[in-house]
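# Examination of the molecular architecture
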Amino acid sequence: MAGLKASEDYGINEPSRRRSSAQPGKVKDEKHLDDVGEAVAPPPAYEGFEAERRGSVNLSGEVDGTHRKLKPRHIQLIGIGGTIGTALYVQIGRGLLNGGPASLLIAFTLCPFIRFAGRYVDEAFGFAAGWNFFIFEAILVPFEITACNVVIHYWSDVVPAGGIIAIVLVLYALINLLTVSWYGETEFWAALGKVLLIIGLIIFTFITMLGGNPLGDRFGFRYWNNPGSFAPLYYEGNLGRFLGFLQCLIQASFTIAGPDYVSMAAGEAENPRVVMPKAYNAVFYRLTTFFILGALCVGINVPYNDPELTAAFANGEPGAAASPYVVAMNRLRISVLPDIVNALVLASAFSAGNSYVYCASRSLFGMALEGKAPKIFTRTNRQGVPIYCVLAVLAISLLAFLQVSAGSATVLSWFVSLITASQLINFAVMCFTFLAWYKACNVQGLDRSKLPYRAFWQPYAAWYGFVGCTIMAFVGGYTVFLPGQWSASSFVFSYFMIGLCPVLFIGWKLIKKSKWRKPHELDLRGEVEEIDEYTRNFVQAPYRNLADKWFNKAFGA
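Conventions we followed
- Residues numbered from 1 in each chain as written.
- Predicted model: local features only at pLDDT ≥ 70, side-chain atom pairs only at ≥ 80, totals over all residues.
- Heavy atoms only, no water.
- Helix = DSSP H or I, 4+ residues; strand = E, 2+ residues; numbered from the N terminus.
- Areas by Shrake-Rupley, 256 points an atom, 1.4 Å probe, with all protein chains shown as cover.
- Patch = residues over 30% accessible without salt bridge, like charges linked within 9 Å, V, L, I, M, F, W, Y side chains within 5 Å.
- Salt bridge = Lys/Arg side-chain N within 4 Å of Asp/Glu carboxyl O.
- Core = buried A, V, L, I, M, F, W, Y, C linked by side-chain atoms within 4.5 Å.
- Buried < 20%, exposed > 50% of the residue type's maximum accessible area, 1.4 Å probe, protein only.
- Contact = heavy atoms within 4.5 Å.
- Phe/Tyr/Trp six-rings, centres within 6.5 Å; stacked < 30°, edge-to-face > 60°.
- Lys NZ or Arg CZ within 6 Å of the ring centre and 35° of its normal.

The next thing to look at is the overall build of the protein. Scanning the protein for helices and strands turns up 22 helices and 0 strands. Element-wise, carbon and sulfur atoms account for 65% of the exposed surface of the protein, whose accessible area totals about 23700 Å².

What follows covers a nonpolar patch on the surface. Taken together, the side chains of I167, V170, L171, L174 and L178 make up a nonpolar region of the molecular surface, amounting to roughly 430 Å² of accessible area. By secondary structure assignment, the location of V170 is in helix α7 (residues 161–178).

Moving on, we come to the nonpolar core. Counting 126 residues, the largest nonpolar core has Y89, L104, F108, I145, L364, F377 and I419 as the members making the most contacts within it. The element that contributes the greatest number of residues to this core is helix α6 (residues 123–152), accounting for 15 residues. Residues Y438, C441, A462 and L524 belong to the second largest nonpolar core, which totals 9 residues.

Attention now moves to the side chain of N301. With respect to the helices, strands and loops of the structure, N301 is situated in helix α12 (residues 272–301). Exposure remark for N301: the relative accessible area of 3% places this residue in the buried category. When neighbours within four sequence positions are excluded, N301 is seen to be in contact with F204, T205, T208, F219, Y223, Y325 and A328.

Overall, the coordinates contain 18 aromatic pairs when judged by the stated rule. Both rings, one in F127 and one in W508, keep their centres 4.4 Å apart while their planes meet at 20°; by these two values the pair is stacked. With F127 in helix α6 and W508 in helix α20 (residues 488–512), this pair connects stretches of sequence that are 381 residues apart. Looking at F127, the relative accessible area reads 13%, which means it is buried. Following the ring pairs from residue to residue traces out a cluster consisting of F125, F432, W463, F466, F505 and W516. One cation-aromatic arrangement involves K512 over W508; the distance from NZ or CZ to the ring centre is 5.3 Å.

The next point concerns the side chain of T479. The residue T479 is located in the loop between α19 (460–475) and α20 in this model. Overall, T479 belongs to the buried group, its relative accessible area being 17%.

Below, the structure written as structure tokens:
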């Protein structure tokens, strides 16, 4: 097909061809070097890894068909923008109703790949993890499309749901099929709007709680005392308050993500050795701040028994009508702002869906390069976009049309249950994979302090994440087991991925006869030589204008 090429078509001489065309700096001797420039013997690599590595690593962005065109500002805003969606502005209100302000704040405070799962643990483990992540990301796309439809209907029902869904799908296709730089620019500006929105809502909360509102009401933390900090759920007393807190934890599990999106973009990032360590730290701290302050603000603005908020969720009110911030604006008789918030929430939902199309397509692309998905998904177009991967994700996104018959509130609840379990499994896999890598580093004598990025509080933070996410994955659908709360659809969507992942793992082991990796056998160098070469030859492109320079500096720190 014209314009398409498979990644395996690139020969092993590609690096030398690329070196001759780049603007080279001083190129070091081609051998294994440690961080102080001394020759060392390479750690062991498992059989067949060299061939796999040449077919999958992105050197200067061409060996696997994708291009390294994402700048520092793109990388950070992809991580932040892909995480901040309607859940932080609207769905968070359900957590307030279920658990109260204190439970919501504590839960959000407590809660703040694929290839490595196969390399450092077991190929079967990587296979199951990869498909779980792909399903998780792909299902998030119709979720956000459904949210876009709900938000738009806040203003008018003139355009039918099917028409809105079709328009959003076409826009996603145009953005993601053209070129990665278009995606990066689109996501940067949309994500920047989301960041400004959450900052604006935090400032709004601070001003109004001190009396800066039309009523002159200096309400402060009034609602933490009346009706209280912890809301009982299903039962009265301590049991009810604990269940309310547990529901807030489940809400936080659905809402919070982030660093995994940064990792997905690493293969198309400019100068990853410099950009990625800064991006991980910056995204972590900024997201932690946004989520914790966001949860705090919601509990300040609205009491957990507010009639308007309760009715909005009970009746499936469209758009930002269910947002605690809009409810607070109505309580304080503030006009205009609710429409502005709704418009920005729409942009937030659209941007989040756009990020999920990107991440889902790249995860499928990575699996195809490793033989864990059909080979056709390795093909890219001339712009470096894995075209068939993007089309596959858009095909799954057609599930958004379910709301035409079943109703948006019902479809959103289905997606939320499925996404929550899948996301928790994904986090547990990342933590377990890190622990396997961490153990191999100790066994093979690799000093983590010499790496470009070193996570803190390890391995304890990884154990905390692994145990916590594993438990929460099973707890997520607990309500169906309470007396009078049974729902077959809730049970299936809450536990489908928990049942599917073991099937994928066992199936791959039986078919491929894969073995559990031992620490001394793991390949810890991976694509070091290729990335070293890219770093040596990298030449920073000049900034297009003053704004481009400022944003890259601001989001590259």
